[in-house]
Structures are given as C-alpha cells and as structure tokens.
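Letter by letter, the chains look like this.
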Amino acid sequence: MIEDRVAQHYAVGMNDHVRGAMRFHSPDDDPVARQYVPDEAELSSLEDELVDPIGDHDYSPVKGIVHRYPDRVLYKVTSVCPVYCRYCFRKTMVGPGQDVLRKAERSAALDYIRKDANIWEVIMTGGDPLMLSPKRLQQEIADLNAIDHVNVVRIHTRMVAADPERITDEMLQALSSGDKMVYLVMHVNHAQEITPRVQDAISRIRRQGIVALSQSVLLRGVNDDEDALESLFRGLVQCGVKPYMLHHLDRAPGTQHFRVSIARGQELMRALRGRVSGLCLPEYMLDIPGGFGKVPLTPQYCHEHGAGYDVTDYKGEMHYYE
Ligand SMILES: *Cc1c(COP(=O)(O)O)cnc(C)c1O
Ligand code: SF4
C-alpha cells in the first residue's frame, strides 16, 4: 500500500470530517482528498527541497520559539495535528512521534517572551495549538496575558476546517479568557472544506469576540485556478473570515507534485483583482528559503517612467500617472 510506504517517512492522518468533505477519495480526483490522501509522488524528493524550508531552526533561540521579526514570535506548543496535510511545510517536524514541549521547556519559552519587551504579538502554532485541552489553553492564555508587552495573541490552526466539532464552547471560552485581543487564522485551501459544521464553528468563534482570518497554500490540483480561488475566498468572506495570506508553497521534501510557479500564482492574483471584492483578496506571499522572512509576491501594477509611472489597471490597460 502506498499509504503504508508514505507513513514510514511522514505522518499520515485523516478523520471522518475530512473524509466527509471529499466527493471522491482519490488524490487525483478531489481537491480535499489531494490534501490528505498519501501519494506515491511523496516518496521522491528533489534536490532543492529542504527539511527546514523556511529556516525556523536558525531563528530559534530556545525550544518552541521562532523569533525572526523583532515584534512577534512563533510559539510552537505542540507538534501534533488533527490531520496531516501532504504538502506540510513542517512535514519532517510534525507528527505523533515528535517532541512536545516539556514543562521546563515551556517555562523557558515563556521566560524568553517575558524578557524581551519588543515582543508585541505571540503566534501560537505547532503542529496545531488547538490540539491542547481547553484547560491547558486557558493556562497558555493566562500566562501570556500576564506579560504586559504582549498585546495580541494569534492562533494558527487547521482545526476549524479539519475537525470543527473539536472547536467546543469550552475551548473558545478558554481562548478568550484573557484581556488581550485574540486573532484566529484558520488554514483552509478549498471551498469544499467550508462544510455546514465548519460554518457553525466559524460563527461560534466570531460570537466569542475572536477575529477570524484565513491562510491558504497555493497547491497544484487543489486550488490553482481562478474559479477555485474565487469560491474559496468568497465562501470565507460570506462567513465573516477575512482571507489573510495565500502562501506560495514552501519546498519541503516530497511536495514537488503540489508546486505552482510564481508566475502562475501572480497571474491568478491578477485575474482575481477586479473580479472579486477587495475583501476577498489575501496577500500572495513567499517565505524566502533559509529564514529570510516573508515577502509579498504582488503582481506589479506600477513601473517608474520618466517623471511619473506607468500604471496598469485590472483589465490590463495602461495609464500614465504623473
Ligand atoms: C510567518 C511568520 C510570522 C508571521 O508573519 P506575519 O507577516 O506577521 O503574518 C512571524 N514569525 C515567523 C518566524 C514567521 O515565519
Ligand atoms: S495542520 Fe499545519 S502543521 Fe499540521 S500537517 Fe497540516 S500544514 Fe502541517
């Protein structure tokens, strides 16, 4: 079985919710199946693929913290996820066999945040931070809340799209138990994933006063066409979720079959501009391999020309701006 062979290298995991969101169960025929069902192509890696594609390791001052930008840190509280995505950028770092923060490591990570007054925002990630129990989440929020200079807590999670029933009211109360503003960024890549149960989880998140945003990865065979992106972003905005980022795929091992070129990504973003409301447009981002951070890959609409600029409108027509 392909699944067993892939599972020797990378974590594999699906649940009834994501199976239910699939129309077909083969990765070649369905945009949800393609995200979760192991594929033979994962068994080969290209030379330019990296175990740590965005250089998390080099920017980790203590275990569980990644500090690349002065005002914000990633705080990786667990390495497990409700399901395992085949294109995961931390593909070799997530899974049930990987390390979880131990008690002493957790206090060292929190000490690090406490000691640096430049840290304005803490981004809880993993793995999936919502794998923690409501009780443990409440403790995390209480500890972060007690740090004066931390003003914003952001949660990056797959749980909303992958296992909405685990977004319980108890969990949401735990997340909003501090005074600091909480933003939840849900990871979702296709409109088919926004099932009625996912919509219900989103409305409960919003009722709790948590701001809901989304991040998606541009993936070949999943969402690399205008219609798929349009339905995804419209579907999110209709439920009250603002699309925040569309990530260019990070080059983790065994993900070559998901690659889309930057030129194609920019072409898609250009096609969406004007076609959908500005509310529906996320920023298309590249995380530069090696840990140099993220940059927008926004298509160029404006070029210097003489004493002014040539500006291209959404239909492709040029105008001179003096
Ligand atoms: C992506 C990332 C962030 C968050 O970046 P934003 O532009 O604020 O969304 C922060 N720290 C690290 C190390 C990251 O990789
Ligand atoms: S939920 Fe996130 S961290 Fe977990 S497997 Fe998917 S992409 Fe990777």
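Parameters and conventions
Residues numbered from 1 in each chain as written. Chains lettered and ligands numbered in written order. Predicted model: local features only at pLDDT ≥ 70, side-chain atom pairs only at ≥ 80, totals over all residues. Heavy atoms only, no water. Helix = DSSP H or I, 4+ residues; strand = E, 2+ residues; numbered from the N terminus. Buried < 20%, exposed > 50% of the residue type's maximum accessible area, 1.4 Å probe, protein only. Contact = heavy atoms within 4.5 Å. Near = heavy atom within 4 Å. Nonpolar A, V, L, I, M, F, W, Y, C, P; charged D, E, K, R; others polar. Axes fitted to C-alpha atoms, helices over the stretch in contact; angles between N-to-C directions. Parallel < 35°, antiparallel > 145°, perpendicular 65-115°, else oblique. Left-handed = near helix turned anticlockwise from the far one by under 90°. Polar contact = N/O pair within 3.5 Å; in protein donor to acceptor, adjacent residues only side chain to side chain.

Undergrad: I keep staring at the side chain of Asp56 and nothing clicks. Help me out?
TA: Tracing the chain through its elements places Asp56 in the loop between helix H3 (33-36) and strand S1 (65-69). Looking at Asp56, the relative accessible area reads 3%, which means it is buried. Not counting chain neighbours up to four residues away, the residues in contact with Asp56 comprise Val66, Arg68, Lys76 and Arg90.

Undergrad: Looking at this structure, I do not really get the site of ligand 2. What am I missing?
TA: Neighbouring residues of ligand 2: Cys81, Tyr84, Cys85, Cys88, Val94, Arg158 and His187. Looking at the shell around ligand 2 residue by residue, the class counts come to 5 nonpolar, 1 polar and 1 charged.

Undergrad: Help me understand the packing of helix H9 (residues 226-238) against helix H10 (residues 262-272) in this model?
TA: Packed helix pairs are specified by the crossing angle of their axes together with the interaxial distance, meaning the distance between the axes. Orientation of H9 relative to H10, taken along the N-to-C sense of each, is 60 degrees, at an axis distance of 10 Å. Judged by the angle between their axes, H9 and H10 are oblique. As H9 packs across H10, the resulting crossing turns out to be right-handed. Every residue of H10 that contacts H9 at Glu226, Leu229, Glu230 and Phe233 is listed here: Leu268, Ala271 and Leu272.

Undergrad: Hey, could you run me through the environment of Glu49 in this one?
TA: Take Glu49: it is sitting in the loop between H3 and S1. Of the residues examined, Glu49 reaches a relative accessible area of 10% and is grouped as buried. Spatially, the C-alpha atom of Glu49 lies 7.9 Å from that of Gly254, the residues being 205 residues apart in sequence. Look past the residues within four positions of Glu49 in its chain and what remains in contact with it is Ser44, Arg251, Ala252, Pro253, Gly254, Thr255, Gln256 and Arg259. At a separation of 2.9 Å, a polar atom in the side chain of Glu49 contacts the main-chain amide nitrogen of Leu46. Here Gln256 takes part through its backbone nitrogen, which lies 3.4 Å from a polar atom of the side chain of Glu49.

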